[in-house]
Amino acid sequence: MSEETSRRRFLIWLGNIGLLTVAWAMVKGGLKFLAPPITQPLPGPVEAGLMGDFAANSLTFVPAAKAWLGRDEAGLYAISAICPHLGCTVGQVADNTFQCPCHGSRFNAHGAVLNGPATSPMTYLEINLDGEQIFIHPGQSVSPETRVGV
Ligand code: FES
């Protein structure tokens, strides 16, 4: 085998390694896109704070419950921050809407889908009061009209 042939084979081998590396990175990225990041069970009732901690017409993220706790003129409500598409944590954006950082789904202030890929609305969660203490139940959904306290 000549030196020229040996060098050519080495360069072909090196090129194939590069192509395999790029292909692997693409497959890994594709799998990450498809796999939901949240697979852990939801916690039980979560202490969210006291009634007086939440002003009227406010919306506050409660990390332990992965939920947004809102207060309007009818009372308190909680919306799950778990995206109905594949489970990323949905954040609030400046124009009073919610947006998922993973694939770009957007929801209005009431959790209704503005654009996908999510096809279902955000979930309202049960909350209850023990005196002034607010508890969010991340595993129990309620209708969007449900309010507690005033
Ligand atoms: S997880 Fe896909 S849009 Fe939220």
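Residues numbered from 1 in each chain as written. Predicted model: local features only at pLDDT ≥ 70, side-chain atom pairs only at ≥ 80, totals over all residues. Heavy atoms only, no water.

**Topic: the pairing of strand S10 (residues 133–142)**
As paired strands, strand S1 (residues 46–50) and S10 are joined by 4 bridges and run antiparallel to one another. Its bridge partner lying in S10, Leu 50 is registered against Gln 133. Relative to S10, strand S9 (residues 124–130) is paired through 7 bridges, and the arrangement is antiparallel. Counted as the bridge partner of Leu 129 is Ile 134 from S10. Remark: 2 residues form the turn of the hairpin made by S9 and S10, two consecutive strands paired antiparallel; Gly 131 in that turn has positive phi of roughly 70°. (Pairing = 2+ DSSP bridges. Helix = DSSP H or I, 4+ residues; strand = E, 2+ residues; numbered from the N terminus.)

**Concerning the side chain of Thr 97**
As for its position among the elements, Thr 97 is in strand S6 (residues 97–99). A residue is classified by how much of its surface remains accessible, and Thr 97, at 8% relative accessible area, is buried. A polar side-chain atom of Thr 97 sits 3.4 Å from a polar atom in the side chain of Arg 106. With residues up to four places along the chain from it excluded, the contact list for Thr 97 reads Gly 91, Gln 92, Arg 106, Phe 107, Asn 108 and Leu 114. (Buried < 20%, exposed > 50% of the residue type's maximum accessible area, 1.4 Å probe, protein only. Polar contact = N/O pair within 3.5 Å; in protein donor to acceptor, adjacent residues only side chain to side chain. Contact = heavy atoms within 4.5 Å.)

**Brief notes about the nonpolar core**
Val 62, Leu 69, Ile 127, Ile 134 and Ile 136 are the most contacted members of the largest nonpolar core, which has 15 residues in total. Counting only elements with at least two residues in this core, the list comes to S1, strand S3 (67–72), strand S4 (75–80), S9 and S10. Listed in part, the 13 residues of the second largest apolar core include Ile 79, Ala 81, Cys 100 and Met 122. (Core = buried A, V, L, I, M, F, W, Y, C linked by side-chain atoms within 4.5 Å.)

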